[in-house]
Amino acid sequence: MNVCSILGLTRATITRRSNVILPRLNPLTHYSTTTFTSKIETNSIPTGQQEASTSSSTFTSTTLSSLEEAQQKYPDFNPVNEEQRQFIQRNTEKPLFGRKTYLMDVYKHMNETNQIILFVHHNNLSKNENKSLREELKKIGGQKNEEGHIVGGSKFTILKNSIYSLYLKSSHEADPAAKGNTAKNRNVQHPLLPLLVGPTGCITIKECEPNAIKQVYKVLKKFSDKLFVVGAKVEKDAFTTKQLDQFKEMPNRDGLRGQLVGLLTMAGGANLVRTLETPGHLLYLTMDTRANDMVLKNKGEEVKAEEEKQ
């Protein structure tokens, strides 16, 4: 679904009002009507901004003074729900319906909905190679829908380095595209910024599974002279290529849990394993009984000490 159909406007109307042609996709639905929290890389924020980065915020901090003012600014758009009303009240650095604001929103949505992002340098991919790459990546983590099409898999996106850099510097803000954020965060240093040199793209993976990275590497071998990984974001951390090589050889989370249980059992921790596997209420009763025993033991020691003094 494109921007025009979501907002209830024709493409001609938007083009006439803002003199831009909007891309096909729109992350409007990413901005919920409820409070949302920025998901950021903690080590990317300078000292003094850590507290602000973990706070929740709504659009009220970056909106125009009133809905009426927003409707006067966009007279051709009549919001029909609360989500659309909050959307047009955003006070953005660039025009709300402009391509730069759109890309900032896309990058925010991409970073917050994918646990792994591999950054790659690309070099003169042909049209057929581009198509083949995207089809192969789509199979990694993707599933077939009722129509037989693969959806939800990994994706390859070519980045606009200048705008993605601006997003990274303001990624700890509730709305990175809000007016004033560019100047305020001009000197912010983000660990992913050094990767944005030359033609850069990214491969997004929804879940944090090392095996998915290994599968992506196998696909990239077919394009070894035109695509190579330069770094990654794994959950909230920035990874080098060396760290990625080590990470992709690790088992997935279920495998790690199984190994941990096996180690505890072999090391004589069978009782601990059984305790951890018991239902929550039984575990609570066990802990509560142990706490009562410790209280009685402490009281007995106190009485004994008093008797010795007498």
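**Student:** Describe the overall build of the chain, with residues and values.
**Tutor:** Check the secondary structure of the chain and you find 14 helices and 9 strands. Taken over 310 residues, the chain has a buried fraction of 38%. Restricting to contacts in the chain with at least 6 residues of sequence separation, those with at least 24 account for 68%. Split by element, the accessible area of the chain, about 18800 Å² in all, is 52% carbon and sulfur.

**Student:** Outline helix 8 (residues 161–169), supporting the account with residue identities and numerical values.
**Tutor:** Residues Asn161, Ile163, Tyr164, Ser165, Tyr167 and Leu168 constitute the buried set of helix 8. In the core, the buried residues of helix 8 are packed alongside helix 6 (99–113), strand 3 (116–122) and strand 7 (200–205).

**Student:** Explain the pattern of salt bridges to me, and be specific about the residues and the numbers.
**Tutor:** Pairs may arise between side chains of opposite charge once their charged atoms sit close together. A full pass over the atoms with the stated rule returns 10 salt bridges. Between Glu173 and Lys184 there is a salt bridge, with its nearest N and O atoms 3.0 Å apart. Note that Glu173 is positioned in the loop between helix 8 and helix 9 (181–184) and Lys184 in helix 9, a separation of 11 residues in sequence.

**Student:** Lay out the nonpolar core in plain terms, naming residues and giving numbers.
**Tutor:** Formed by 25 residues in total, the largest nonpolar core has its most connected members in Leu118, Leu133 and Leu244. Counting residues per element, the ones that place at least two in this core are strand 3, helix 7 (127–138), strand 7, helix 10 (210–220), strand 8 (227–234) and helix 11 (241–247). In terms of residues, this core owes the most to one element, helix 10, which gives 6 residues. Not counting residues within four places of it along the chain, the set of residues in contact with Leu244 comprises Leu118, Ile213, Tyr217, Val229, Gly231, Ala232, Val234 and Phe239. Met104, Tyr167, Leu168 and Leu196 belong to the second-largest nonpolar core, a separate cluster that totals 18 residues.

**Student:** Got a sec to walk through the environment of Ser132? Specific residues and values, please.
**Tutor:** Here Ser132 is to be found in helix 7. A relative accessible area of 31% places Ser132 in the partly exposed class. Measuring from C-alpha to C-alpha, the distance between Ser132 and Val219 comes to 9.9 Å, with 87 residues separating the pair along the chain.

Parameters at a glance
- Residues numbered from 1 in each chain as written.
- Predicted model: local features only at pLDDT ≥ 70, side-chain atom pairs only at ≥ 80, totals over all residues.
- Heavy atoms only, no water.
- Helix = DSSP H or I, 4+ residues; strand = E, 2+ residues; numbered from the N terminus.
- Buried < 20%, exposed > 50% of the residue type's maximum accessible area, 1.4 Å probe, protein only.
- Contact = heavy atoms within 4.5 Å.
- Areas by Shrake-Rupley, 256 points an atom, 1.4 Å probe, with all protein chains shown as cover.
- Salt bridge = Lys/Arg side-chain N within 4 Å of Asp/Glu carboxyl O.
- Core = buried A, V, L, I, M, F, W, Y, C linked by side-chain atoms within 4.5 Å.

Geometric descriptors of this kind do not, in isolation, establish any biological role.
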